[in-house]
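# Chains, contacts and geometry: an overview
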Amino acid sequence: MTETKVSSSSTPGLSWARVCKECGQQHEGQESHLYEYQDEVDDELVCHICLQPLLRPMDTPCGHTYCFHCLSNFLKEQDFCPVDRQRLQLHQCRPSSLLVRNLLDKLTVMCPHSAECQQQMQRCELQPHLHNRCPVFKRLREEAEKRKRPSWNELKGRKGDGDLSGDAKQSATLPRLSSRDQPEPGLINPAYEESEDDNTPLRSSLVAEANVVELFREEPEEELGLRIVGGKDTPLGNIVIQEIVRDSIAARDGRLAPGDHILEVNDVSLASVPHARAISVLQQPSLLRLTVMQEKGFKTRDPRTDHHPSSSSSASTASHTVLQVTLMKSQRTEPLGIKLIRKSDESGVFILDLLSGGLAAKDGKLRNNDKVLAINGHDLRHGTPESAAQIIQASEVRVNFVVMRPADCPEEGGSSREGQHSRGARRMPEPQYFRRRSTYMKDPPGGFSSHEKTVSLKKEPRLSLGITIAGGRDCRSRLPVYITSVQPVGCLHRDGTIKRGDVLLSINGVDLTQLTYNEAVSALKAQTAQSQVVLRVIQTLSEESEEDADASSKDELDPVDDLREDMLNWTPLWTRWLGLPSHMHWCRDIVLQKTNNESWGFSIVGGYEESHGQQPFFIKTIVPGTPAHFDGRLKCGDEIVAVNGATTVGMNNSSLIPMLKLQKNKVTLTVVSWPGSLV
């Protein structure tokens, strides 16, 4: 029988900062989770290294099974299997079968805070129990939030010193991170302004948490599904998640979200590394252990609502309504009668239908097409129907939903067909893009530039240029047409001037900068048929070039592998677009609306910096539960070109901040958006 661990409730000095948010015990971040098992565990389910029931079991090629952490730590020092000493590397191992993982998840454990909570449950249910039902865990969290929340006098005192930077807030929330999260020059936060109106509930400082998220690649080349912006060589400074790709490893895991700041990867700090280096660290095979700073939104203090919980409450913005709905099951196994789906055009989980006679339909507060933001405190903004179903199944009798619906949604939900039709009628029109106006022109950020190149070739009419392309003004973000590979069989490869990533300007005088992908392909084919070809391209440059990061891996590939990799998988890093001249930018207007004195919900970096001079303004953070978050179009890494038509070029922080504050209910942001680097 496995040894029972000592409950953390008996340990002096128990605090929210020290307790593990997954197992409820106190242990070092790198150590395995601890559980109090109530029954004898079969030896086949025990790790041969730690002699405890397996956690994240991994099978070796030689037929043995270990905890992932145990095995990975062992193989850092040794290169053989601990049992039979056969040669072994971590990338040769694979996660155990679903049957084994399910058997482990069903092991019975006791709540670690047994002095006050004697609940027993399956191991997979312990984390939901801790976060939703355990009185000790709830008390620790509330005490920690009270300590983090500044007083009204502190908030008013800060206003005299200017806006508090997002990084400074994070340092105040988590002192242990203060050394690596210093405020950068030019960081301003119109999102975080507090209301002076006595009738408005007081918003204290943002609630931010540092969490550890582990993602595992079953195949070394498999993408995590993260789009990344930022880096020390960019105005953003930090490494920030811009987007989660649908159906990816990160999307299925569900714990990461756009706007999360990645602080460490496998104990490697990303606090002061350039963008390309951060991307190479995130491309490591097998397990990635990410330490991330996650904004949880504003914490509202309103004594009128602190002690009066209700089964349904709501908060509105100009375009959306967010509601909290509680469903009470008569017994734990009672179904809610909800069909959940995902949509092709929007991430997250949506209610497809409420089954007639079911608990949700009888309650009447949830409706077809509601977007599920959270269930029992679990963030599902980028989750899946499967993860939502697991949370519901693991819940006791009380299920708390947070859902979002358009503010003009009718009171009564119709059939699923009617709901889909009404949603289609409310769909935002296709965004209108336009060339960056002359009054919006500016220099690239410090450290980024571009260089124009012209190649003139005489060739046989039937000889190919030997390039593949992507982009076009009909693609997402209206990217220019760029070269994804220069093939060794073409004449451009022999010339050597044209490189992967170069942006096409013209061929034989035919402008390529405003064409769609298909139009560009047709133009290239027509002009290539001539014996004389003059090709103009522009190459973007940076002081911290990604070429060095690519070189080590690319040099090991033979030409055939290199060609296949270029054609199918290569995409430019986000930093490649920063050096593109302004006249090649395509902008769009994003109109945000809000009510009362609530925050717009985004923070900004940029303005004048001593080291780089005048920097463009970029979106650094989008706060959950705010108009910018609900609107969904503004992304981290977007450049703000103008506010209500007034250019931001040449502005200082002291000019832009008042401009944003003066917009009470509506603001139009003109932005340029580049896709983040894909890992």
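Throughout what follows, the structure given in this document is the object of discussion. No experiment lies behind these values; they were computed from the predicted model shown.

Criteria and cut-off values
Residues numbered from 1 in each chain as written. Predicted model: local features only at pLDDT ≥ 70, side-chain atom pairs only at ≥ 80, totals over all residues. Heavy atoms only, no water. Helix = DSSP H or I, 4+ residues; strand = E, 2+ residues; numbered from the N terminus. Buried < 20%, exposed > 50% of the residue type's maximum accessible area, 1.4 Å probe, protein only. Polar contact = N/O pair within 3.5 Å; in protein donor to acceptor, adjacent residues only side chain to side chain. Pairing = 2+ DSSP bridges. Salt bridge = Lys/Arg side-chain N within 4 Å of Asp/Glu carboxyl O. Phe/Tyr/Trp six-rings, centres within 6.5 Å; stacked < 30°, edge-to-face > 60°. Core = buried A, V, L, I, M, F, W, Y, C linked by side-chain atoms within 4.5 Å. Contact = heavy atoms within 4.5 Å.

### Let's talk about the side chain of Lys 620
Within the secondary structure, Lys 620 sits in strand S29 (residues 613-622). When its relative accessible area of 1% is taken as the criterion, Lys 620 is described as buried. Engagement of the side chain of Lys 620 in a polar contact is seen with the backbone oxygen of Leu 236, the distance being 3.2 Å.

### Quick look at the pairing of strand S17 (residues 371-375)
Most of S17 is tucked away: 5 of the 5 residues are buried. Both strand S16 (residues 346-354) and S17 contribute to a ladder of 2 bridges, which runs antiparallel. Following the sheet pairing, Phe 350 is matched in S17 by Lys 371. Direction of pairing for S17 relative to strand S19 (residues 398-406): antiparallel, over a ladder of 4 bridges. Of the residues in S19, the one forming a bridge with Ala 374 is Val 402. As paired strands, S17 and strand S18 (residues 378-379) are joined by 2 bridges and run antiparallel to one another. Note on S18: the bridge partner recorded for Ile 375 is His 378. The turn joining S17 and S18, which pair antiparallel and follow one another in sequence, is formed by 2 residues; a positive phi near 50° is taken by Asn 376.

### A short note on the pattern of salt bridges
Close approach of charged atoms allows side chains with opposite charge to pair. Counted under the stated rule, the structure contains 16 salt bridges. When the shortest N-O distance is used, the salt bridge between Asp 502 and Lys 453 registers 2.8 Å. Separated by 49 residues along the polypeptide, Asp 502 in the loop between helix H12 (491-495) and strand S24 (503-507) and Lys 453 in strand S21 (residues 448-458) bring together distant segments of the chain. The pair Asp 502 / Lys 453 is uniform in exposure class, with both members buried. Salt bridges here are not isolated pairs; linked through shared partners, they connect Glu 125, Arg 133, Arg 332 and Glu 396.

### Some remarks on the packing of aromatic side chains
One pass over the structure, following the stated rule, counts 6 aromatic pairs. Summarising the aromatic geometry, the rings of Phe 68 and Phe 216 are spaced 5.7 Å apart at their centres and angled 80° between planes, so their arrangement reads as edge-to-face. With Phe 68 in helix H1 (residues 68-77) and Phe 216 in strand S7 (residues 202-216), the pair connects residues that are 148 residues apart, well separated along the chain. The residues Phe 68 and Phe 216 share a single accessibility class, namely buried. Taken together, a centroid distance of 5.5 Å and an interplanar angle of 15° make the contact between Trp 577 and Trp 674 stacked. Placement of the pair is Trp 577 in helix H16 (residues 574-578) and Trp 674 in the loop between strand S32 (666-672) and strand S33 (677-678), with a sequence separation of 97 residues. The buried category is assigned to Trp 674, whose relative accessible area is 4%. Among the aromatic residues, ring-to-ring pairing joins Tyr 482, Trp 577 and Trp 674 into one connected group.

### Points about the sheet that holds strand S1 (residues 36-37)
Taken in spatial order, the 3 strands line up as S1-S5-S6 in an open sheet, and their pairing is antiparallel. The open sheet has two edge strands, S1 and strand S6 (120-122), and neither has a second partner. Pairing analysis gives 2 bridges linking S1 to strand S5 (residues 108-110), with the strands arranged antiparallel. Opposite Glu 36, over in S5, you have Met 110 as the bridge partner.

### Remarks on the nonpolar core
Formed by 46 residues in total, the largest nonpolar core has its most connected members in Leu 592, Phe 602, Leu 634, Val 643, Leu 656, Leu 669 and Trp 674. Mapped onto this core, the elements with two or more residues apiece are S24, H16, strand S27 (586-593), strand S28 (602-609), S29, strand S30 (639-643), helix H18 (653-662) and S32. Each residue touching Leu 592, except ones within four places of it in the same chain, is listed here: Trp 600, Phe 602, Pro 627, Ala 628, Asp 631, Asn 665, Lys 666, Val 667 and Leu 669. One finds Leu 54, Tyr 66, Leu 71 and Cys 81 within the second-largest nonpolar core, a separate group that totals 37 residues.

### A look at the side chain of Thr 648
Residue placement: Thr 648 occurs in the loop between strand S31 (646-647) and H18. Residue Thr 648 is classed as buried on the basis of its relative accessible area, which comes to 5%. A polar contact is formed between the side chain of Thr 648 and the backbone oxygen of Ile 640, at a distance of 2.8 Å. Excluding anything up to four places from it in sequence, Thr 648 contacts Phe 617, Ile 640, Val 641, Ala 642, Val 643 and Leu 656.

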